Amino acid sequence: MSRPNFIKDMSLAPLGRRLIEAAEHEMPGLLATREKYAASKPLAGIRVCGSLHMTVQTAVLIDTLKALGADIRWCSCNIFSTVDAAAAYIAAQGIPVFAYKGETLEDYWNFTLETITFPGMKGPQQIVDDGGDVTLLLHKGFAAENDPSILDHAESEEERILAALVRRCLRERPGWFHQVVPEVVGVSEETTTGCNRLYSMMAEHRLLFPAVNVNQSVTKSKFDNLYGTRHSLLDGIVRATDVMIAGKTCVVCGFGDVGKGCVASLRGQGARVIVTEIDPICALQASMSGLEVRTLEECLPLADIYVTATGNCDIIKAHHMSQMKDQAIVCNIGHFDNEIDVAGLHAFPGVRHENIKPQVDKWIFPDNHCIILLAEGRLVNLGCAMGHPSFVMSNSFTNQTLAQLAIARREYTKVGVYVLPKILDEEVARLHLGKLNVHLTTLSPKQAAYIGVKVEGPYKSDDYRY
Ligand code: NAI
């Protein structure tokens with residue numbers, strides 16, 4: 001069943017290597033962690049599979065897990081996010097990797113299955129997940145072995161593809177999920193949406209193995225989600241369209257960590273930004289940051305650019321797009337492609353479609369006005385650009401590596417969703433200070449006692465909000 005790899009073009013490996021060497025200079029935390037643990041190889045022989053955008057930065061994470069001894073298989077967690085040169089570099093290291101930019105959904109799910117299928121039909125012991133699709137496949141397969149009728153309820157095209165894959169597994173590898181799931185020691189989940197899924201499964205008593213919420217580390221969500229998107233949203237829109245942002249009216253749906261980064265990105269260019277929110281706290285934050293807060297319907301006659309950043313479904317529907325200004329640009333930076341109703345757009349009466357270039361599509365309505373949809377409604381920063389820059393991903397991936405080490409040490413044995421201790425979060429930040437020439441003030445013992453912390457930290461309580 002298992003094959004060595006599936007990538008676009010092995011001849012891209014030298015380019016991948018050069019890109020990865022350049023990225024390493026910007027990833028001090030991850031490299032320091034690699035250096036610290038490389039000799040003791042704490043992941044030696046452990047089967048680790050990853051489903052996380054196969055980018056240049058992820059290649060540095062994979063190299064790190066490999067240096068720590070892990071036996072790795074990898075795929076991307078989005079059909080458009082792979083950097084083919086990075087995938088080729090990983091394949092050239094002899095690491096099984098299944099990813100190319102522009103995968104079909106069938107390939108995507110087959111690759112996810114390949115990634116969890118180690119030689120000898122073994123499953124993974126540890127998982128690095130981004131959005132939770134490996135976790136979903138294992139849970140779905142496990143549940144379907146108990147009751148195959150759960151596969152009859154697929155609503156979307158993607159759910160039908162996943163159901164067909166699981167049915168094939170039930171035929172070709174009967175009992176396999178019940179055999180491999182008990183061997184999973186834990187998963188470390190990268191993003192908000194994947195963590196939301198984990199908490200739902202936990203609440204419904206369906207979660208089958210321990211999970212670490214990496215997103216909850218301050219050095220992840222308050223950096224990657226915020227400063228990462230501040231950089232890469234603009235990069236995605238500009239690479240796709242070359243449109244001038246200054247002076248445009250932009251709508252950002254959702255003012256969470258990602259929404260805040262998107263707003264900063266657009267405002268930095270001189271755009272007028274309007275926010276939509278459902279949460280009064282975030283709406284108040286937006287308003288007191290000087291932003292207008294409106295409903296999407298109110299924005300439709302005004303806005304030139306729309307960005308969804310909610311992690312929620314059905315944010316921009318086809319009827320909204322039909323009422324937008326001519327040439328309005330519509331994109332999503334949330335994890336899944338259900339924020340923008342692309343299926344509804346396909347089915348809209350009289351609509352026509354014209355592909356401008358890969359991941360940039362014009363949709364023309366019967367009255368001849370059009371909208372420009374980026375990355376088919378999937379993450380614009382990874383579909384139309386290269387994702388977040390290395391420095392911020394070093395923070396995220398240092399957390400991922402520490403989570404994998406904690407799982408390997410069996411620190412989380414009961415099924416549940418855990419977060420890394422604050423002292424490690426502070427350590428991740430500390431590892432990145434030198435690169436930015438930050439000079440930290442040291443607490444005196446008297447000061448430490450006065451505010452009730454230790455001189456060496458942690459400096460905040462677990463519920464401090466930053
Ligand atoms: P968050 O939970 O901090 O923010 C989401 C916000 O959207 C919340 O304030 C919520 O109240 C709001 N919201 C929910 N439904 C809404 C609706 N119907 N209309 C308007 N606002 C609504 O989540 P975070 O961390 O900002 O992540 C958002 C999404 O971005 C997630 O899917 C996450 O996985 C993804 N993400 C994407 C990244 C990328 O590189 N593209 C990086 C990090 C996260």
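What comes next concerns the included structure. (Residues numbered from 1 in each chain as written. Predicted model: local features only at pLDDT ≥ 70, side-chain atom pairs only at ≥ 80, totals over all residues. Heavy atoms only, no water.)

1. Considering helix 3 (residues 56-67)
Rule in force here: A run of H or I in DSSP counts as a helix once it spans at least four residues, and a run of E counts as a strand once it spans at least two, with each numbered from the N terminus. Helix span is expected to be 1.5 Å times the residue number reduced by one. Here the term buried applies to any residue with accessible area under 20% of the maximum for its type, exposed to any over 50%, and partly exposed to those in between, with areas from a 1.4 Å probe on protein chains only.
Taking 1.5 Å of rise per residue, the twelve residues of helix 3 would be expected to cover 16 Å, and the 17 Å separating its terminal C-alpha atoms lies within 8% of that figure. Where burial is concerned, most of helix 3 is hidden: ten out of the twelve residues are buried. Within helix 3, the full set of buried residues consists of Val56, Gln57, Thr58, Ala59, Val60, Leu61, Ile62, Asp63, Thr64 and Leu65. Looking one or two residues past helix 3, glycine 69 carries a phi angle of roughly 105 degrees, positive in sign.

2. Focus: the pairing of strand 4 (residues 126-129)
Note the following rule: Strands were regarded as paired on the criterion that DSSP finds at least two bridges between them.
Burial along strand 4 is two-sided: Gln126 and Val128 and Ile127 and Asp129, pointing in opposite directions, are all buried. Across four bridges, strand 1 (residues 47-51) lies against strand 4 in parallel orientation. Counted as the bridge partner of glycine 50 is valine 128 from strand 4. Sheet topology note: the strand 4/strand 5 (residues 186-189) ladder contains four bridges and is parallel. Bridge assignment links aspartate 129 to a residue of strand 5, and that residue is glutamate 189.

3. So, the pattern of salt bridges
Opposite charge on two side chains lets them pair, provided their charged atoms get close. Filter applied, for reference: We count a salt bridge whenever a side-chain nitrogen from Lys or Arg sits within 4 Å of a carboxyl oxygen from Asp or Glu.
Considering all chains together, one arrives at 21 salt bridges under this definition. A salt bridge links lysine 435 to glutamate 26, with the shortest nitrogen-to-oxygen separation between them at 3.6 Å. Of this pair, lysine 435 sits in the loop between helix 19 (422-433) and helix 20 (445-451) while glutamate 26 sits in the loop between helix 1 (13-24) and helix 2 (28-38), and the two are 409 residues apart along the sequence. Residue classification places lysine 435 among the partly exposed residues on the basis of a relative accessible area of 40%. Residue glutamate 26 is classed as partly exposed on the basis of its relative accessible area of 34%. With a closest N to O distance of 3.8 Å, arginine 160 and glutamate 157 form a salt bridge. Separated by three residues within a single helix, arginine 160 and glutamate 157 lie in helix 7 (residues 157-172), roughly one turn from each other. What emerges from the salt-bridge pattern is a single network uniting Arg272, Glu292 and Arg294.

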